[in-house]
Amino acid sequence: MTDDVRNIVLGVIAAGVSAALGWLARTTLWRRRLRRKQAFFGLPDNSESLLVVNRDAGGPELTVTRHDVFALLELSALIKDCNAHAQVVAHDAAQQGFGERTEFCLGGPASNRRMAAHLHSLLPGVRVNVEAEPGPDRGAYQIGGEHYRMEQGRSEYVVLARLVAGESRAARPVFLFCGQRAITNQAATRYLARHHERLARKYGTDSFVLLLRVVNSQAYGPDVVELVGDVTRAARAPLPVPERTPTSHRATNS
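No experiment lies behind these values; they were computed from the predicted model shown. (Residues numbered from 1 in each chain as written. Predicted model: local features only at pLDDT ≥ 70, side-chain atom pairs only at ≥ 80, totals over all residues. Heavy atoms only, no water.)

S.K.: Please give an account of the pairing of strand β9 (residues 208-215) that cites residues and values.
M.R.: Most of β9 sits inside the fold, with seven of its eight residues counted as buried. Relative to β9, strand β7 (residues 155-163) runs antiparallel, the two sharing eight bridges. Bridge pairing in β9 places Glu156 opposite Val214. When β9 meets strand β10 (residues 225-230), the two strands line up antiparallel, connected through five bridges. From the neighbouring strand, Arg213 faces β10, where its bridge partner is Glu226. (Buried < 20%, exposed > 50% of the residue type's maximum accessible area, 1.4 Å probe, protein only. Helix = DSSP H or I, 4+ residues; strand = E, 2+ residues; numbered from the N terminus. Pairing = 2+ DSSP bridges.)

Rendered as structure tokens:
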């Protein structure tokens, strides 16, 4: 074997080894990112999850608004990326406890009975004005001692939460997308899809509650979202009971 042939053979071998090492490194990195993503969403391979939505206008058929459909598409892509499966159920048909399957629950408590139950059980520090009468406080949020009013189409709020009931690490999480309007639910799912890696690095598999503000949705749709802040502590602590002013009694002499 001449030197030229030997050099060619060694070059081919070196290129093959480099390609194999590069493929192995990329595969290892991809698997690590996948496992981290699966752990964050509570979705191991071939696991089941629930997508809980409103039943539009109380009708017998399971129909959802256009923006909620877009939100479901965002979540379905995340679930598929985790090699998991999803089942869409109406809010009044989802009858199961916490931790059995990962759950994604969309909609406000006025139209989503399961969301109302989650807020009551898991986020006692969040109060939503569900009165149907028009007014400046319609749909407003109270989180701890702060109030957040909706300016329709200009400034709207949505709660994005990842919650695990109890202390068990094996329990599957519940994700809440509780918005003042359907477009804010879509904005929250899109925010989660874009930032789940950063959220996973920051919170791991712990619970968190974020308050987001959707800016000028009438012009920008669900795309411009600001993080108002992490409200986990305030949202999970019961709201203080308003103090009653003692009634004064005037003694009368007969």
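S.K.: Please provide a residue-by-residue account of the pairing of strand β1 (residues 48-53), values included.
M.R.: With five of six residues buried, β1 is to be regarded as a mostly interior element. Where β1 lies against strand β2 (residues 85-90), six bridges are found, and the strand directions are parallel. Counted as the bridge partner of Glu48 is His85 from β2. The pairing of β1 with strand β3 (residues 102-106) spans four bridges and is classified as parallel. Paired with Leu51 across the bridge in β3 is Phe104.

S.K.: With reference to specific residues and values, describe a positive patch on the surface.
M.R.: On the surface, Arg32, Arg36, Arg198, Arg201 and Lys202 cluster together into a positively charged patch. Mapped onto the positive patch, the elements with two or more residues apiece are α1 (3-41) and α4 (182-203). Counting through the fold element by element, Arg36 comes out in helix α1. (Patch = residues over 30% accessible without salt bridge, like charges linked within 9 Å, V, L, I, M, F, W, Y side chains within 5 Å. Areas by Shrake-Rupley, 256 points an atom, 1.4 Å probe, with all protein chains shown as cover. Salt bridge = Lys/Arg side-chain N within 4 Å of Asp/Glu carboxyl O. Lys, Arg positive; Asp, Glu negative; His and termini not counted. Charge placed at Lys NZ, Arg CZ, Asp CG, Glu CD.)

S.K.: I'd like to hear about the sheet that holds strand β6 (residues 146-148), residue by residue, with values.
M.R.: Sheets are built from strands paired through backbone hydrogen bonds, the pairs being either parallel or antiparallel. Read from one edge of the open sheet, three strands run β4-β5-β6, paired in antiparallel fashion. Two strands lie at the open edges of the sheet, namely β4 (126-128) and β6, each paired on one side alone. Across this sheet, the average inter-strand angle for adjacent strands is 20°, counted without regard to direction. In this sheet, β6 lies alongside strand β5 (residues 141-143) in antiparallel orientation, the contact comprising three bridges. The residue of β6 that forms the bridge with Ile143 is Glu146. (Axes fitted to C-alpha atoms, helices over the stretch in contact; angles between N-to-C directions.)

S.K.: Tell me about the sheet that holds β9, residues and numbers included.
M.R.: In spatial order, the strands read β2-β1-β3-β8-β7-β9-β10; together these seven strands make up an open sheet with mixed pairing. The outermost strands of the open sheet, each flanked by one partner alone, are β2 and β10. When strand polarity is set aside, the average angle formed by the axes of neighbouring strands in this sheet is 20°. Pairing analysis gives four bridges linking β3 to strand β8 (residues 174-179), with the strands arranged parallel. If you follow Leu106 over to β8, its bridge partner there is Phe177. Strand contacts of helix α3 (residues 113-122): β1, β3, β7 and β8, with the helix running at about 110° to β8, the strand carrying the most contacts. (Contact = heavy atoms within 4.5 Å.)

S.K.: Outline the environment of Phe70, listing residues and values.
M.R.: Along the polypeptide, Phe70 turns up in helix α2 (residues 66-81). Residue classification places Phe70 among the partly exposed residues on the basis of a relative accessible area of 33%. Phe70 sits 115 residues away from Asn185 along the chain, and the two C-alpha atoms are 9.4 Å apart.

S.K.: Requested: an account of α3, with residues and values cited.
M.R.: Within the sequence span of α3, burial applies to Arg114, Met115, His118, Leu119 and Leu122. Looking straight down α3, one finds its buried side chains confined to an arc of 140°; they lie on one side. Turned more than 90 degrees away from the buried face of α3, the exposed residues are Arg113 and His120. For α3, the secondary structure elements touched by its buried residues are β1, β3, β4, β7, β8 and α6 (232-236). Between the side-chain oxygen at the start of α3 and the backbone nitrogen of Arg114 there is a gap of 3.0 Å, and the oxygen is on Asn112. (Arc of directions from axis to C-beta. Polar contact = N/O pair within 3.5 Å; in protein donor to acceptor, adjacent residues only side chain to side chain.)

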